[in-house]
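Each chain is listed here by its residues.
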Amino acid sequence: MTARPPDLPIAVLFGGPSAEHDVSIVSGTAVAEAIAGAGHPVDPVYIDLAGRWWWLPPDHRRADRPPAAYDDPAALGADGPFAVGAALERLAARP
């Protein structure tokens, strides 16, 4: 029997510069939490209203935070901001 390789993190992107920004925060964080709850590693990636990308900690949970709490992603422990090109390079460089 061979050992199963570890799961690669699943990137979940949410937010973005659109009218649906707040809805995307609620649904995207719920998806990330469900994936993590099923035992898979998650990379939650928040895209702010200016289109900058932020990597939240893998154990990030929205809890009862309102979507407006994401107006300051650094206060949530996020790494960033990254311009879209640098963010895509970061995603592509993942194992």
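Model, not experiment: these values are computed from the prediction.

Examining unusual backbone geometry
Argument step 1. For the bond from Gly-80 to Pro-81, the omega torsion is 5°, close enough to zero to count as cis.
Argument step 2. Mapped onto the elements of the fold, Pro-81 is located in strand β4 (residues 79-82).
Argument step 3. A positive phi angle is found at Ala-63, which is not glycine, with a value near 55°.
Argument step 4. Mapped onto the secondary structure, Ala-63 falls in the loop between β3 (53-55) and β4.
Argument step 5. Classification of Ala-63 as exposed rests on a relative accessible area of 57%.

Regarding helix α1 (residues 21-37)
Argument step 1. Here α1 contains 17 residues, and its C-alpha end-to-end distance of 24 Å stays within 8% of the 24 Å for a straight helix at 1.5 Å per residue.
Argument step 2. Residues of α1 that are buried sit in contact with β1 (10-15) and β2 (42-47).
Argument step 3. Backbone geometry just after α1 places Gly-39 at a positive phi near 95°.

Some words on the sheet that holds β2
Argument step 1. Taking strand neighbours across the sheet as the criterion, the 4 strands line up as β1-β2-β3-β4 in an open arrangement whose pairing is mixed. Of all strands in the sheet, those bounded by a partner on one side alone are β1 and β4. Across the sheet, the mean angle from the axis of one strand to that of its neighbour is 25°, orientation sign disregarded.
Argument step 2. The sheet contact formed by β3 and β4 spans 2 bridges and is antiparallel. Paired with Trp-55 across the two strands is Asp-79, which belongs to β4.
Argument step 3. Here α1 sits on the sheet and contacts β1 and β2; the angle it forms with β1, its principal contact strand, is near 160°.
Argument step 4. Contacting β1, β3 and β4, helix α2 (residues 84-92) runs over the sheet at an angle of about 35° to β3.

Quick notes on the pattern of salt bridges
Argument step 1. Tallying each qualifying case throughout the model produces 3 salt bridges.
Argument step 2. Across the salt bridge formed by Asp-48 and Arg-52, the nearest N and O atoms sit 2.8 Å from each other.
Argument step 3. Judged by its relative accessible area of 5%, Asp-48 is buried.
Argument step 4. What makes Arg-52 partly exposed here is its relative accessible area of 38%.
Argument step 5. Notably, a salt bridge pairs Asp-79 with Arg-90, separated by 2.8 Å at the nearest N-O pair. One end of the pair, Asp-79, is in strand β4; the other, Arg-90, is in helix α2, and 11 residues separate them in sequence.

Calculation criteria
Residues numbered from 1 in each chain as written. Predicted model: local features only at pLDDT ≥ 70, side-chain atom pairs only at ≥ 80, totals over all residues. Heavy atoms only, no water. Helix = DSSP H or I, 4+ residues; strand = E, 2+ residues; numbered from the N terminus. Buried < 20%, exposed > 50% of the residue type's maximum accessible area, 1.4 Å probe, protein only. Expected span 1.5 Å × (residues − 1). Contact = heavy atoms within 4.5 Å. Pairing = 2+ DSSP bridges. Axes fitted to C-alpha atoms, helices over the stretch in contact; angles between N-to-C directions. Salt bridge = Lys/Arg side-chain N within 4 Å of Asp/Glu carboxyl O.

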